[in-house]
Amino acid sequence: MSQSRAHRLSRRRILSGVAAGAAAVGAGTLFPGRRGWASARTVHKHADLEAIVVSDGHFVLPTGFLVAPDSPTAEREAALKAAGQTGDQFQLVNNVVVIRRQSDLILVDAGTGPRHQPTAGKLAENLKTAGIQPADVTTVVLTHGHPDHLWGILDAGDNRVYPRASYVVSAREWELWADPNVLQKLPAALPKEQIVGGAQGHFARIRDKVRMVRGGDEIVSGIRVLETPGHTQGHISLELGGGDGLVISGDALTNAIISFQYPSWRVPVDHEADRGIATRLRLLDQLAADKRRLVGAHLPFPGTGFVERKEGAYRFVPA
Ligand SMILES: [Zn+2]
């Protein structure tokens, strides 16, 4: 492609992005108090339901958490380069989906909170910029019990950040963290004591406000639970109908290059790596076939796009 054509295309993309943003922030949005676009984007709107993505910031993990050390060296290095990652540290953004439907205001995960890394834990602050006060949140759906999804439910003083919210967790996930043998159910790559202690401590503070769900259950009308186990034993995603449809996939697909081009690579931090692979392949196949929109917690902000088949694997197409 010539430089000038590439320039025109990228300019057109930027302009159309600005236009779409400007349209959504007007009278049509269900988030009328939103002041800025830096940390919030609409990803789905249908009838009386709107889903936006709000940033929790970003954090780094050891590369060995996410990329199979037994993957072929040349392919692994090429994939890391394509993913914009270098060296031993892997940078992840943290996206949180916020859904408004009538009087319901639903967070899908809660970010890292104040005990993780200083560049993350920005959700509550960015929600305020989006015109959402903590007391407005009616429901927090937790895709799983890892720190970057769960720990944001509590502040530095261990108080609940969302005072009026009730919580939704899969029954299988609740059982996992309550299991006396839970340490044996986590992979060696994870700092197990820290993660188990954190999950148990945070879940204990919401015990009286939790509703447990299984695959097929509805959170509210039009938002359905999809079981996507592997990353953790009880990991769930959500499906929304209308328009392009939307699948909120949590950590079933964690990287825009590796999870799509190499879905059969084992992810070291998946609690059940083989099941994680099976879930990824099933989800990718369905998303490509149905042409449904996807939003992932750690895909480049705002983490949304479509899945296409490519050379025996898949490709993430941000949109
Ligand atoms: Zn995560």
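Predicted model, so just to flag it, every value in this text is computed and none were measured.

Structural notes on the environment of L107
Okay, so step 1: With respect to the element layout, L107 can be found in strand β4 (residues 104–108).
Okay, so step 2: The spatial distance from the C-alpha of L107 to the C-alpha of K122 is 14 Å, given a sequence separation of 15 residues.
Okay, so step 3: The contact partners of L107, leaving out residues within four places of it in the chain, are V97, V98, L123, L127, V137, T139, V140, V141 and Y162.

Remarks on the layout of surface pockets
Unoccupied space between atoms shows up once a probe the size of one water molecule is rolled over them.
Okay, so step 1: Reported here for the second largest pocket is a volume of approximately 340 Å³.
Okay, so step 2: Surrounding the second largest pocket, 22 residues form its lining, L61, F65, H116, P147 and I195 being those nearest its centre.
Okay, so step 3: At the level of elements, β2 (49–62), α2 (63–66), α5 (147–150) and α7 (192–204) are the ones that each hand at least two residues to the lining of the second largest pocket.
Okay, so step 4: The residue inventory of the lining of the second largest pocket, partitioned by class, reads twelve nonpolar, seven polar and three charged.

Quick word on the sheet that holds strand β8 (residues 218–220)
Okay, so step 1: What the seven strands build is an open sheet, ordered β8-β9-β10-β11-β12-β13-β14; its pairing is mixed. Only two strands of the sheet have a single neighbouring strand rather than two, namely β8 and β14 (313–318). The mean inter-strand angle of the sheet, taken between neighbouring strand axes irrespective of direction, is 35°.
Okay, so step 2: Here strand β9 (residues 223–227) runs beside strand β10 (residues 236–240); their pairing, made up of five bridges, is antiparallel. Across the sheet, residue L226 finds its bridge partner in β10, namely S237.

Some words on the environment of Q85
Okay, so step 1: Looking at where Q85 falls in the secondary structure, it is placed in the loop between α3 (73–82) and β3 (89–101).
Okay, so step 2: Considering only alpha carbons, one finds Q85 and T63, 22 residues apart in sequence, at a separation of 8.6 Å.

Things to note about the packing of aromatic side chains
Okay, so step 1: Evaluation of the coordinates by the stated rule reveals three aromatic pairs.
Okay, so step 2: Arranged with centres 5.2 Å apart and planes meeting at 35°, the rings of F260 and F316 form a pair that is tilted. Placement of the pair is F260 in helix α8 (residues 258–261) and F316 in strand β14, with a sequence separation of 56 residues. The same class applies to F260 and to F316, which are both buried.
Okay, so step 3: Its guanidinium or amino end placed over the ring of F31, R100 lies 4.9 Å from that ring's centre, counting from NZ or CZ.

Focus: the confidence of the model for the chain
Okay, so step 1: Across the chain, pLDDT averages 90, with 90% of residues at or above 70.
Okay, so step 2: In the predicted structure, residues 1–27 sits below a pLDDT of 50 and forms nine contacts with residues beyond four places in sequence or in another chain.

Thresholds applied
- Residues numbered from 1 in each chain as written.
- Predicted model: local features only at pLDDT ≥ 70, side-chain atom pairs only at ≥ 80, totals over all residues.
- Heavy atoms only, no water.
- Helix = DSSP H or I, 4+ residues; strand = E, 2+ residues; numbered from the N terminus.
- Contact = heavy atoms within 4.5 Å.
- 1 Å grid on protein atoms, 1.4 Å probe; cavity = no way out; pocket = protein on both sides within 12 Å on 5 of 7 lines; lining within 4 Å.
- Points joined across faces, edges and corners; volume = space filled by probe spheres on them.
- Nonpolar A, V, L, I, M, F, W, Y, C, P; charged D, E, K, R; others polar.
- Pairing = 2+ DSSP bridges.
- Axes fitted to C-alpha atoms, helices over the stretch in contact; angles between N-to-C directions.
- Phe/Tyr/Trp six-rings, centres within 6.5 Å; stacked < 30°, edge-to-face > 60°.
- Buried < 20%, exposed > 50% of the residue type's maximum accessible area, 1.4 Å probe, protein only.
- Lys NZ or Arg CZ within 6 Å of the ring centre and 35° of its normal.
- pLDDT = per-residue confidence, 0-100.

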